[in-house]
Amino acid sequence: EDQVTQSPEALRLQEGESSSLNCSYTVSGLRGLFWYRQDPGKGPEFLFTLYSAGEEKEKERLKATLTKKESFLHITAPKPEDSATYLCAVQAGNTDKLIFGTGTRLQVFP
Amino acid sequence: DAGVIQSPRHEVTEMGQEVTLRCKPISGHNSLFWYRQTMMRGLELLIYFNNNVPIDDSGMPEDRFSAKMPNASFSTLKIQPSEPRDSAVYFCASTLAGGNTGELFFGEGSRLTVL
């Protein structure tokens, strides 16, 4: 069964304190791995797509990496506005459906 | 450009009542997804359509749930009869089939509370 597990469930950081979020996955035939950001009361917002092991994508203070078993979302020198829930999702085989993890709730304090 | 539009944003109803949630996808998008989000289970796919045709409804919990897409600019998710365990936030998302179908554009969700 295709599965996505994210850790930690919650993370509190001081502004400027870099850290990483983990997404472990098991999927038959990975078609793509996706990171989303979700603010309270809003729908998820797309951040990155990763297709193959070794691939990296960057956007401002965020960098996503991918191996054959997991993905990391690195946050460098975070700011309070980076506070959100970060969701990881995988797409497998010949389907368009995304399977989401339960997310990491990030809080960045000034 | 308008994003995905969902209505109502909030719905409070009593057990046994019929609930209809509505979604207007982004113009030009031909794939539409209905997800349900709860604290315990996170985001779960209920059903998705390509070109108005249901492709995968394996996530629909039971016969009480039904979804339709009568045209490219409108979809409904209906729950009849509703139960307290259906309380959740229901999201609609759209994308362009044939493109990066993992890049979904979500609406702001419909928060359903069944008493």
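Residues numbered from 1 in each chain as written. Chains lettered and ligands numbered in written order. Predicted model: local features only at pLDDT ≥ 70, side-chain atom pairs only at ≥ 80, totals over all residues. Heavy atoms only, no water.

Draft legend 1. The overall build of chain A, seen in detail. Within chain A one finds zero helices and eleven strands. Helices and strands appear in chain A in the N-to-C order β-β-β-β-β-β-β-β-β-β-β. A globule of 110 residues ought to have a C-alpha radius of gyration of about 13 Å, and chain A, at 13 Å, matches this closely. Overall size of chain A, expressed as C-alpha extent along the three principal axes, is 45 × 30 × 20 Å. Across the 110 residues of chain A, 46% fall into the buried class. Roughly 5,500 Å² of accessible area belongs to chain A as shown, and the carbon and sulfur atoms make up 46% of that amount. In chain A, which carries 13 positive and 15 negative side-chain charges, the distance between the mean positions of the two groups comes to 1 Å. (Helix = DSSP H or I, 4+ residues; strand = E, 2+ residues; numbered from the N terminus. Rg over C-alpha atoms; globule rule 2.2 N^0.38 Å. Buried < 20%, exposed > 50% of the residue type's maximum accessible area, 1.4 Å probe, protein only. Areas by Shrake-Rupley, 256 points an atom, 1.4 Å probe, with all protein chains shown as cover. Lys, Arg positive; Asp, Glu negative; His and termini not counted. Charge placed at Lys NZ, Arg CZ, Asp CG, Glu CD.)

Draft legend 2. The arrangement of the pairing of strand β9 (residues 84-92) of chain A in detail. All names here are of chain A. Summarising burial for β9: nine of the nine residues are buried, a large majority. Burial along β9 is two-sided: the face carrying Ala84, Tyr86, Cys88, Val90 and Ala92 and the face carrying Thr85, Leu87, Ala89 and Gln91 are both buried. One ladder, built from eight bridges, connects strand β4 (residues 30-38) with β9; its direction is antiparallel. Residue pairing across strands places Gly32 opposite Gln91, the latter belonging to β9. Direction of pairing for β9 relative to strand β11 (residues 104-109): antiparallel, over a ladder of three bridges. Across the sheet, Ala84 pairs through a bridge with Leu106, a residue of β11. Bridge analysis of β9 against strand β10 (residues 98-100) gives three bridges, and the strand direction is antiparallel. Considered in β10, the bridge of Val90 is made with Ile99. If you look at the hairpin formed by β9 and β10, you'll find five residues sitting between the two strands, and Gly93 has a positive phi there, around 50°. (Pairing = 2+ DSSP bridges.)

Draft legend 3. Representation of the sheet that holds strand β3 (residues 19-26) of chain A. All names here are of chain A. An order of β1-β3-β8-β7-β6 is seen for the five strands of this open sheet, with the pairing classed as antiparallel. Every other strand in the sheet has two partners, leaving β1 (3-7) and β6 (56-59) as the edge strands with one partner each. Each neighbouring strand pair of the sheet contributes to a mean axis angle of 15°, computed without reference to strand direction. Sheet topology places β6 next to strand β7 (residues 62-66); four bridges connect them, and they run antiparallel. Counterpart to Glu56 in the pairing with β7 is Thr65. (Axes fitted to C-alpha atoms, helices over the stretch in contact; angles between N-to-C directions.)

Draft legend 4. Geometry of the interface of chain A and chain B. At the junction of the two partners, chain A supplies 19 residues and chain B supplies 21 residues. Interface area, chain A with chain B, both sides summed: about 1,600 Å², of which 49% is carbon and sulfur. Contact with chain B buries surface across chain A, with Asp96, Lys97 and Phe100 of chain A losing the most and accounting together for 31% of the total. Here chain A and chain B share two salt bridges between them. Between Asp56 of chain B and Lys97 of chain A there is a salt bridge, and its shortest N-O distance comes to 3.5 Å. Along the contact surface separating chain A from chain B lie eleven residue pairs in polar contact (both at pLDDT 80 or more). Sorting the residues of the side of chain A that touches chain B by element identifies β4, β5 (45-50), β9 and β10 of chain A as the ones contributing at least two each. Of the residues contributing to the side of chain A that touches chain B, the split by class is eight nonpolar, seven polar and four charged. (Contact = heavy atoms within 4.5 Å. Buried area = accessible area lost by both parts, 1.4 Å probe. Salt bridge = Lys/Arg side-chain N within 4 Å of Asp/Glu carboxyl O. Polar contact = N/O pair within 3.5 Å; in protein donor to acceptor, adjacent residues only side chain to side chain. Nonpolar A, V, L, I, M, F, W, Y, C, P; charged D, E, K, R; others polar.)

Such coordinate-based values are descriptive only and should not be taken to indicate function.
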